[in-house]
Amino acid sequence: MLMTAGTVVRMRAARCWEEGSHSENSSMSQCAYPEDAGYLKCDMDDASETHEESLGEEAFDTVNSSIVSGESVRFFVHVNLQVQPSQAAESELPDGCGLLHTSRKYLKLKNFEEEIRAHRDLDGFLDRASIILNETATSLDDVLRAMLLRLVHKPDNTESDCNLDLLMAVLFTDAGTPMEGKVHLLSDTIQGVTATVTGVQYQQSWLCIICTSKSLLKRHVCISRLVRPQNWGENCCEVRFVILVLAPPKMKSTKTATEVGRTFATMFLDITFRQKLLKTRTEEEFKEALVHQRQLLTMMDQGLTPSLKHYSISSICIPKSHQPLQQKDFFPVGKGIREDFARRFPVYPLDFTDGIIGKNKAVGKFITTTLFLYFACLLPTIAFGSLNDEITYGAIVIRGICDDYDLDFNTFYAWTGLWNSFFLTLYALFNFSLIMSLFKRSTEEIIALFISMTFVLDAVKGIVKIFQKYYGTSHGNHNADHISVLSLLGLGTSLNTSFHTALNTSLLANPPELTSVSSRSAEHSSRETAVLSLLIMLGTLWLSYTLYQFKKSPYLHPYMREILSDCALPISVLTFSIISSYGFQEINMSKFRYNPSERLFKIAEMQSLSLGAIGSAMGLGFLLSMLFFIEQNLVAALANAPENRLVKGTAYHWDLLLIAIINTGLSLFGMPWIHAAYPHSPLHVRALAVVEERVENGHIYETIVNVWETRLTTLGASILVGFSLLLLPLPLQWIPKPVLYGLFLYIALTSIDANQLFERMALLLKDQASYPPTHYIRRVPQRKIHYFTGLQVLQLLLLCAFGMSPLPYMKMIFPLIMMAMIPIRYKLLPRIIEAKYLDAMDAEH
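Criteria and thresholds
- Residues numbered from 1 in each chain as written.
- Predicted model: local features only at pLDDT ≥ 70, side-chain atom pairs only at ≥ 80, totals over all residues.
- Heavy atoms only, no water.
- Helix = DSSP H or I, 4+ residues; strand = E, 2+ residues; numbered from the N terminus.
- Buried < 20%, exposed > 50% of the residue type's maximum accessible area, 1.4 Å probe, protein only.
- Contact = heavy atoms within 4.5 Å.
- Areas by Shrake-Rupley, 256 points an atom, 1.4 Å probe, with all protein chains shown as cover.
- Salt bridge = Lys/Arg side-chain N within 4 Å of Asp/Glu carboxyl O.
- Pairing = 2+ DSSP bridges.
- Phe/Tyr/Trp six-rings, centres within 6.5 Å; stacked < 30°, edge-to-face > 60°.
- Lys NZ or Arg CZ within 6 Å of the ring centre and 35° of its normal.
- Core = buried A, V, L, I, M, F, W, Y, C linked by side-chain atoms within 4.5 Å.
- Axes fitted to C-alpha atoms, helices over the stretch in contact; angles between N-to-C directions.
- Parallel < 35°, antiparallel > 145°, perpendicular 65-115°, else oblique.
- Nonpolar A, V, L, I, M, F, W, Y, C, P; charged D, E, K, R; others polar.
- 1 Å grid on protein atoms, 1.4 Å probe; cavity = no way out; pocket = protein on both sides within 12 Å on 5 of 7 lines; lining within 4 Å.
- Points joined across faces, edges and corners; volume = space filled by probe spheres on them.
- pLDDT = per-residue confidence, 0-100.
- Expected span 1.5 Å × (residues − 1).
- Patch = residues over 30% accessible without salt bridge, like charges linked within 9 Å, V, L, I, M, F, W, Y side chains within 5 Å.
- Polar contact = N/O pair within 3.5 Å; in protein donor to acceptor, adjacent residues only side chain to side chain.
- Left-handed = near helix turned anticlockwise from the far one by under 90°.

To continue, consider the overall build of the protein chain. Helices and strands together make up the secondary structure of the protein chain, namely 33 helices and 11 strands. Taking all 845 residues of the protein chain together, the buried fraction comes to 48%. In the protein chain, 78% of the contacts between residues at least 6 apart in sequence involve partners at least 24 apart. For the protein chain, the accessible surface area stands at approximately 41300 Å², while carbon and sulfur atoms represent 61% of it.

Okay, here's the thing in structure tokens:
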């Protein structure tokens with residue numbers, strides 16, 4: 001992770017200390033000098049004391065920023081931007097005083113093992129080397145001008161429009177100002193510093209100067225070795241090496257002048273390397289020293305890797321072993337459950353008291369999150385049930401199998417659920433959740449994006465059905481053509497052939513005269529229904545996502561913005577439900593069907609099935625248990641990702657056992673099974689998080705500071721869902737289907753915010769200068785990133801081919817396809833892309 005210390009920004013008066021100075025060095029700011037500046041050997045402490053005596057009380061304005069580490073070495077970026085006073089104010093300022101803006105920040109050392117750009121920066125410099133040995137110039141201006149002339153006069157120079165005087169002006173702050181020549185400061189530099197107890201000590205024997213100019217077409221680097229050390233002011237008392245980096249402004253985040261300067265500054269931090277460069281006699285020896293230093297830095301970073309890997313954790317917070325899982329890892333039986341219980345039990349009371357009792361209360365956030373979770377769980381469940389009922393004509397997969405083989409549905413459903421729970425219990429007892437450590441981040445993102453795509457597909461299916469139903473030329477022709485269109489789209493597949501045939505017969509048996517006599521106003525009303533449904537769906541998506549992003553806007557109080565963002569889902573659903581139900585009462589909207597005829601809590605007759613049917617239920621239950629196992633652990637992994645900063649620990653094995661116990665009771669009563677759901681669970685964590693926006697290299701990104709880990713929100717949402725059953729069918733009559741389809745699109749859109757696969761797919765459409773400064777951009781070549789993204793897309797299409805197939809029996813083997821992602825990642829992909837690049841793109845940071 002890029003470690004940057006705090007930035008110190010201050011405005012101070014800049015004046016020329018020409019009279020009353022005790023020493024030549026004290027009269028100069030950093031890298032400021034008179035024309036006849038010569039070599040003056042002095043150390044950091046003596047120079048600082050002399051400078052403070054000269055400035056008196058104003059010395060407090062130039063004190064260096066505080067240091068947080070001991071003897072650690074970091075880069076120091078010094079940026080000076082002079083603000084030109086207005087002509088009116090110019091005459092009022094005595095002694096030529098003005099304002100100087102100084103900004104400093106720490107930079108992390110370049111990692112030559114992980115950051116691929118470090119090697120490419122050096123290779124590019126070696127190919128077009130601009131090295132000046134034994135420079136005799138004594139002033140900084142003369143040295144820089146000689147370096148620029150070397151760059152301009154190179155045989156392969158392509159900067160035909162390069163203006164030498166303009167580049168010199170950009171390097172300093174006083175060009176074009178009323179105080180020109182009096183405060184001669186470098187605009188942007190990188191220096192090595194050592195943090196000590198007493199303050200900052202600068203490495204004064206080298207200086208890296210970076211510059212950005214619109215007149216440049218590509219990056220340039222020049223290194224100059226001076227004949228003898230030069231005194232160029234404070235913190236630059238004995239300079240022997242000058243590194244000049246020039247770059248155009250529009251560059252990829254890893255190719256900027258700062259990044260190139262960071263590469264060479266990392267190399268020059270080593271005093272042994274600098275002494276070796278002093279002994280070189282030719283440019284070839286100088287290049288060889290650079291190559292050798294790169295090899296040393298690479299080996300040094302490799303030597304640090306084992307200690308870092310000791311603390312690495314997998315994406316599901318299970319210690320990741322670089323050795324393959326062995327049989328002993330799954331024993332003794334129940335070890336994982338005991339460890340999970342021991343880890344979670346001490347903090348279990350805090351799950352109900354945090355945010356309620358104590359100084360830091362978050363009652364308002366708990367209420368808004370409860371409402372979000374209630375709508376996010378209830379409404380998609382209703383929409384999925386209704387959509388599946390329409391698409392399959394009430395025949396879900398298990399129902400279709402029961403109809404094909406003349407089996408009792410309730411009993412077969414119960415046996416399937418019991419076998420499912422049995423296998424889940426075995427997975428929990430034998431610590432099978434350790435297998436999820438083999439799922440890399442890239443594999444998790446493929447499955448997560450697949451689930452998001454299913455939400456989009458279901459919304460599209462729903463709105464297509466509405467248009468097929470209401471946007472026909474006549475009702476008679478619509479009914480006759482309805483089934484054929486569904487068959488072509490794969491939306492009307494049913495396992496029960498006789499049921500499907502009977503349905504077609506009943507629809508086609510309607511007398512033509514009854515369906516063709518509909519009036520023109522009825523046809524017009526039907527088309528209005530289809531168009532209004534589309535607008536309602538898109539309106540729900542627009543309002544919910546706008547409110548979700550409202551926390552980033554400057555309007556209202558921050559607390560109100562947060563409330564509106566957290567309540568985006570219920571507000572949008574209620575708003576467009578009211579608009580549709582009361583604003584357009586004359587237009588008939590598509591409503592949900594409710595069938596109260598079947599009795600709830602009906603216990604299945606377990607003895608009515610034969611042994612063969614029970615064996616079939618076991619096979620189906622095994623496949624179902626694999627799907628539950630993968631999705632439960634996958635969703636838990638995404639919710640417990642390190643970037644979410646959860647601190648109370650995980651309980652993968654214990655949670656899996658609880659799912660098995662709960663589903664046992666649900667199976668006996670014919671109730672729907674439960675497990676962790678995506679994207680609801682990660683969105684639930686996000687809703688409870690305290691989020692901050694930060695800026696890195698001009699890119700704004702969000703980071704989670706902490707998360708309120710509570711069970712009250714899920715408990716409250718579950719209670720509200722239970723009370724909603726008592727209100728049936730009234731809520732269903734108030735909420736049109738298009739509102740729920742818009743809800744699907746909203747959930748899919750918000751769930752891909754942090755999906756790196758989606759972000760890397762978007763890179764194909766972006767300019768390189770707009771690439772975010774992510775860890776994989778720094779560590780992996782761009783071509784390899786696109787190769788990896790393409791391979792992930794192929795795996796995603798494979799999941800879609802089976803998971804979205806209209807054939808139910810293909811969906812039954814979908815869990816096996818998900819498990820096949822493991823050997824694909826470990827066996828196939830390393831044959832195409834180097835393993836180190838794969839690991840870099842799978843890393844968290």
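What follows is about the pattern of salt bridges. All chains considered together, the criterion is met by 19 salt bridges. Lys-365 is the salt-bridge partner of Asp-566, the closest N and O atoms lying 3.4 Å from each other. One end of the pair, Asp-566, is in helix H19 (residues 558–566); the other, Lys-365, is in helix H11 (residues 363–391), with 201 residues separating them in the sequence. Since its relative accessible area comes to 14%, Asp-566 is described here as buried. Taken together, the shared-partner salt bridges in this structure form one network comprising Arg-344, Asp-351, Asp-354, Lys-648 and Arg-711.

Let's shift gears to the pairing of strand S5 (residues 188–195). Burial of S5 is extensive: seven of the eight residues sit out of reach of the surface. Bridge count for S5 against strand S7 (residues 206–212) is two bridges, and the pairing is antiparallel. In the strand pairing of S7, Ile-190 is matched with Cys-208. Counted along the chain from S5 to the antiparallel partner strand S6 (residues 200–202), the turn is four residues long, and its residue Gly-199 has a positive phi close to 145 degrees.

Attention now moves to the packing of aromatic side chains. Scanning all chains against the criterion turns up 21 aromatic pairs. Note on Trp-419 and Phe-422: the rings are 5.8 Å apart at their centroids and 85 degrees apart in plane angle, and the pair reads as edge-to-face. Pair noted here: Trp-419 and Phe-422 are both in helix H13 (residues 409–429), with a separation of three residues, about one helical turn. Through a chain of ring-to-ring contacts, the aromatic side chains of Trp-206, Phe-241, Phe-268 and Phe-273 assemble into a single cluster. Over the aromatic face of Tyr-776 sits the side chain of Arg-760, whose NZ or CZ is 5.8 Å from the ring centroid. Here Arg-825 stacks its cationic end above the ring of Tyr-826, 5.8 Å away from the centre of that ring.

Let's shift gears to the nonpolar core. Ranked by internal contacts, the top residues of the largest apolar core, which has 110 residues, are Ile-398, Phe-412, Leu-424, Ile-447, Tyr-746 and Leu-799. Broken down by element, the residue count for this core peaks at 13 residues, all from helix H21 (residues 611–639). Those residues in contact with Leu-424 that lie beyond four places of it in its chain are Ser-625, Phe-628, Phe-629, Leu-656, Ile-659 and Ala-660. Listed in part, the 31 residues of the second largest apolar core include Leu-122, Phe-125, Phe-273 and Leu-277.

Relative orientation of the contacting elements helix H14 (residues 441–470) and helix H27 (residues 756–763) amounts to 85 degrees, with a least axis distance of 8 Å. Between H14 and H27, the crossing angle belongs to the class labelled roughly perpendicular. Of the residues in H27, those touching H14 at Arg-441, Glu-445, Ile-446 and Leu-449 are Gln-756, Leu-757, Arg-760 and Met-761. In terms of residue class, the contact of H14 with H27 is made up of four nonpolar, one polar and three charged.

Right, let's talk about unusual backbone geometry for a bit. Positioned with a positive phi, Asn-235 is a non-glycine residue whose angle comes to about 70 degrees. Here Asn-235 lies in the loop between strand S8 (220–230) and strand S9 (239–247). The residue Asn-431 is not glycine, and still its phi comes out positive at about 60 degrees. Position of Asn-431 relative to the elements: it lies in the loop between H13 and H14. On the accessibility criterion, Asn-431 (2% relative accessible area) is buried.

As enumerated under the stated definition, the model contains four cavities of 30 Å³ or more in all. What the largest cavity holds in volume is close to 50 Å³. Taken together, Leu-148, Leu-151, Val-152, Asn-157, Glu-159, Cys-162, Leu-167, Leu-216, His-220 and Leu-246 make up the full set of residues lining the largest cavity. The biggest single contributor to the lining of the largest cavity is helix H4 (residues 140–152), with three residues. Residue composition of the lining of the largest cavity, by class: seven nonpolar, two polar and one charged.

Here the focus is the confidence of the model for the protein chain. On average, the protein chain scores 75 in pLDDT, and the residues at 70 or more come to 73%. Least confident of the elements in the protein chain is helix H16 (residues 497–508), whose mean pLDDT is 32; most confident is helix H22 (residues 652–668), at 92. Low pLDDT, under 50, characterises residues 80–92; the predicted model gives this stretch 23 contacts beyond four residues in sequence or across chains.

The terminal C-alpha atoms of helix H6 (residues 257–268) lie 16 Å apart, and with 12 residues this matches the ideal 16 Å at 1.5 Å per residue to within 8%. With 11 of its 12 residues buried, H6 lies for the most part within the structure.

It is worth spelling out a nonpolar patch on the surface at this point. A cluster of nonpolar side chains, namely Phe-341, Phe-345, Tyr-348, Phe-352, Leu-715, Ile-719, Phe-723 and Leu-726, defines an oily patch on the protein surface of about 830 Å² accessible area. It is helix H24 (residues 712–725) that provides the largest number of residues to the nonpolar patch, a total of three residues. For Phe-345, the location among the structural elements is in the loop between helix H9 (335–344) and helix H10 (350–353). For Phe-345, a relative accessible area of 52% translates into the label exposed.

Within S7, six of the seven residues are buried, leaving the element largely enclosed by the surrounding structure. Pairing of S7 with S9, which is carried by seven bridges, proceeds in the parallel orientation. Each residue of the ladder has a partner; that of Trp-206, found in S9, is Phe-241.

Here we come to H22. With 17 residues, H22 extends 25 Å between its outermost C-alpha atoms, agreeing within 8% with the 24 Å of an ideal straight helix rising 1.5 Å per residue. Check the buried side of H22 and you find it contacts H9, H13 and H21. Remark: Gly-670 follows H22 within two positions and exhibits a positive phi of approximately 70 degrees.

Now for the environment of Ser-139. Counting through the fold element by element, Ser-139 comes out in the loop between strand S4 (131–135) and H4. A residue is classified by how much of its surface remains accessible, and Ser-139, at 4% relative accessible area, is buried. Sequence-wise, Ser-139 and Gln-230 are 91 residues apart; in three dimensions their C-alpha atoms are separated by 7.9 Å. Looking at Ser-139, its side chain comes within polar contact range of the side chain of Asp-142, at 2.8 Å.

What follows is about the environment of Thr-750. Within the secondary structure, Thr-750 sits in helix H26 (residues 737–751). Judged by relative accessible area, Thr-750 falls into the buried class, the value being 4%. Between the alpha carbons of Thr-750 and Leu-683 there is a distance of 8.1 Å; along the sequence they are 67 residues apart. Contact partners of Thr-750, with chain neighbours within four places excluded, come to Tyr-545, Tyr-548 and Leu-683. Reaching out from Thr-750, the side chain makes a polar contact with the backbone oxygen of Tyr-746 at a distance of 2.9 Å.

Quick look at the packing of H13 against H22 now. Helix packing geometry: the angle between the two helix axes and the distance between the axes. For the pair H13 and H22, the least separation of the axes is 8 Å and the interaxial angle reads 165 degrees. Taken together, the axes of H13 and H22 are roughly antiparallel relative to one another. Pair H13 / H22 crosses with left-handed handedness. Residue-level inspection shows Tyr-413, Ala-414, Gly-417, Leu-418, Asn-420, Ser-421, Leu-424, Thr-425, Tyr-427 and Ala-428 of H13 in contact with H22, the latter providing His-653, Leu-656, Leu-657, Ile-659, Ala-660, Asn-663, Thr-664, Ser-667 and Leu-668. Counted by class, the contact of H13 with H22 contains 11 nonpolar, eight polar and no charged residues.

Along the chain, the position of Tyr-787 falls in helix H29 (residues 782–803). Since its relative accessible area comes to 45%, Tyr-787 is described here as partly exposed. Distance in space between the C-alpha atoms of Tyr-787 and Ile-832 is 8.7 Å, their sequence separation being 45 residues.

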